[in-house]
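A look at the structure
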Amino acid sequence: MEIGKIRLGSLLLPSNVLMAPLAGYTCYPFRMLAYELGAGLCFTEMVSANALKYQDRATKRLLLTTDQEKIRAVQLLGGNPAIMEQMAGSDLLEMFDIIDINMGCPVPNVFKSGEGSALMLDWKRAEGIIRGCKKSGKVVTVKCRTGIREDAMFTAEFARMCEAAGADMITIHGRSRSMMYDGRPCLEEIEQAKAAVSIPVIANGGIFSAEDAETVMEYTGVDGIMVARYGLENPFIFSELTHTPCRKDAFLILTEQLELTRQYYDETFTLSYIKKLASYMMKKKKGTKQYKERLHRSGSPEELMEVLALIFDGDLRF
């Protein structure tokens, strides 16, 4: 796998290994961790443009960032071109360099609202959203799927539309909306999309090891890969793929994540986030079943750290 930088407008991503936006996980602390380990770009959790319009408090929390985050990318969800354009250019997103438009979320309530992957059924609206977001002057990227149904995919054609509308990069989850998160990613569709456009194309879906990343890059010829759930299970994947030195173990990473989260979020969020992240990181670690209940019962940061020490003590990497 060839590790390299990616140019997006005036921005130069330090590597072509990206971390996907994941609801409940890609908060500011995790993004900083992924960047430290070699990720070239990380995204906020999915942010609803409609919720932003009405100044929703919980939604605004998703936008937390600081000057320490050198490249800032927000993923925006919405189906109304006018609202998407308004929010893209609003003061709420002033600190962000990149707006990633969600055109891939397959969840039923999002789809029924005409948002996420539903935009792949309405190219005129999708095109209007891209053009509207570009008026913000920011780099605009699109995350989509290979189509709506497994038996009728149109990735290359959709990628061409995105490029013509002004998208600076497109990330393709190699499954159709009907496949949700299961089944073999359709690498052939990603390969065809890469050949159809001149903007950078990123492959996403089914990457659960360095070997998977290598296979996807070689088969599709894409400019980079995007890691999703596996980045939570094994954050060291960024270090492995980019050859970024890292001598931290899982316990130290979780300790630092806890402290950083406490600086910017309340205790309820902190405990919830660290418990979820630890659950992912211990997923394939043997002999930890007995600790899971104690982990989720932990009622304070101090109690949580005691349990984490028992689970990860002595672990250097995995």
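Everything here concerns the structure above.
Just so it is clear, the structure is predicted and the values come from calculations on it, not from any experiment.

A separate point is empty space enclosed by the protein. One pass over the structure, following the stated rule, counts one cavity of 30 Å³ or more. As for the largest cavity, its lining consists of T26, C27, R31, T44, E45, R61, L62, Y265 and F269. Class assignment for the residues of the lining of the largest cavity results in four nonpolar, two polar and three charged.

Another aspect to go through is helix α1 (residues 28-36). When you tally the buried positions in α1, you get eight out of nine residues, the bulk of the element. Listing the buried residues of α1 in full gives Y28, P29, F30, R31, M32, L33, A34 and Y35.

This part covers the pairing of strand β7 (residues 139-145). Among the seven residues of β7, seven are classified as buried, and the element is accordingly described as predominantly covered. Residue alternation in β7 divides its side chains into two sets, V139, T141, K143 and R145 and V140, V142 and C144, and both sets are buried. Direction of pairing for strand β6 (residues 98-103) relative to β7: parallel, over a ladder of six bridges. Pairing of D100 across the sheet is with T141, part of β7. Here five bridges tie β7 to strand β10 (residues 169-173), and the two strands are oriented parallel to one another. Opposite R145, over in β10, you have H173 as the bridge partner.

Our next topic: the packing of aromatic side chains. Enumeration over the complete set of coordinates arrives at eight aromatic pairs. Taken together, a centroid distance of 5.3 Å and an interplanar angle of 80° make the contact between Y28 and Y264 edge-to-face. Note that Y28 is positioned in helix α1 and Y264 in helix α12 (residues 250-264), a separation of 236 residues in sequence. Residue class for Y28 comes out buried when judged on its relative accessible area of 2%. On the basis of relative accessibility, which here comes to 34%, the residue Y264 falls in the partly exposed class. The rings of W123, F154 and F158 are connected pair by pair, giving a single aromatic cluster. Over the ring of F111 we find R177; its NZ or CZ atom is 4.0 Å from the centre of that ring. Over the face of the ring belonging to Y25 we find K276, whose NZ or CZ atom lies 5.0 Å from the ring centre.

This part takes up the packing of helix α6 (residues 123-134) against helix α7 (residues 155-165). For the pair α6 and α7, the least separation of the axes is 9 Å and the interaxial angle reads 35°. In this structure, the crossing between α6 and α7 has a hand that is right-handed. On the side of α6, the interface is formed by W123, A126, E127, I130, R131 and K134, while α7 contributes E157, F158, M161, C162, A164 and A165. When the residues that make up the contact of α6 with α7 are grouped by side-chain class, the tally is eight nonpolar, no polar and four charged.

Turning to α7, a few remarks are in order. In an α-helix, one full turn covers 3.6 residues, which means residues spaced three or four apart are oriented alike. For α7, the full list of buried residues reads T155, A156, F158, A159, M161, C162 and A165. Lining the buried residues of α7 we find β6, α6, β7, β9 (152-153), β10 and α8 (187-196). Once α7 ends, the next one or two residues include G166, with phi positive near 120°.

Next up on the list: the environment of T215. Relative to the elements of secondary structure, T215 occurs in helix α9 (residues 210-220). On the accessibility criterion, T215 (46% relative accessible area) is partly exposed. The spatial distance from the C-alpha of T215 to the C-alpha of L187 is 9.7 Å, given a sequence separation of 28 residues.

So, about the pairing of strand β4 (residues 41-48). Each regular strand carries side chains that alternate between the two faces of the sheet. Counting buried positions along β4 gives six out of eight residues, so the element sits mostly inside the fold. Direction of pairing for strand β3 (residues 17-19) relative to β4: parallel, over a ladder of two bridges. Within β4, the position partnered with M19 by the bridge is C42. Note that β4 and strand β5 (residues 73-77) share four bridges and pair parallel.

With that settled, the discussion passes to the layout of surface pockets. Reported here for the largest pocket is a volume of approximately 570 Å³. Taken together, 29 residues make up the lining of the largest pocket; nearest its centre are P21, L22, A23, K143 and Y181. Among the secondary structure elements, those contributing two or more residues to the lining of the largest pocket are β6, β7, β12 (224-227) and α10 (229-233). Residue classes in the lining of the largest pocket are distributed as 18 nonpolar, seven polar and four charged.

Turning next to the environment of S117. Structurally, S117 is set in the loop between α5 (108-112) and α6. Under the relative-accessibility criterion, S117 is labelled buried at 0%. Each C-alpha atom of the pair S117 and V216 lies 22 Å from the other, and the pair is 99 residues apart in sequence. The contact partners of S117, leaving out residues within four places of it in the chain, are M103, G104, C105, P106, F111, I148 and R177.

Before going further, it helps to spend a moment on the sheet that holds β5. Whether parallel or antiparallel, the strands of a sheet pair through hydrogen bonds between backbone atoms. Within the closed barrel, the eight strands sit side by side as β3-β4-β5-β6-β7-β10-β11-β12. Their pairing is parallel. When strand polarity is set aside, the average angle formed by the axes of neighbouring strands in this sheet is 25°. Against the sheet, α8 contacts β10 and β11 (201-204), and its axis sits at roughly 170° relative to β11.

About the criteria used
- Residues numbered from 1 in each chain as written.
- Predicted model: local features only at pLDDT ≥ 70, side-chain atom pairs only at ≥ 80, totals over all residues.
- Heavy atoms only, no water.
- 1 Å grid on protein atoms, 1.4 Å probe; cavity = no way out; pocket = protein on both sides within 12 Å on 5 of 7 lines; lining within 4 Å.
- Points joined across faces, edges and corners; volume = space filled by probe spheres on them.
- Nonpolar A, V, L, I, M, F, W, Y, C, P; charged D, E, K, R; others polar.
- Buried < 20%, exposed > 50% of the residue type's maximum accessible area, 1.4 Å probe, protein only.
- Helix = DSSP H or I, 4+ residues; strand = E, 2+ residues; numbered from the N terminus.
- Pairing = 2+ DSSP bridges.
- Phe/Tyr/Trp six-rings, centres within 6.5 Å; stacked < 30°, edge-to-face > 60°.
- Lys NZ or Arg CZ within 6 Å of the ring centre and 35° of its normal.
- Axes fitted to C-alpha atoms, helices over the stretch in contact; angles between N-to-C directions.
- Left-handed = near helix turned anticlockwise from the far one by under 90°.
- Contact = heavy atoms within 4.5 Å.

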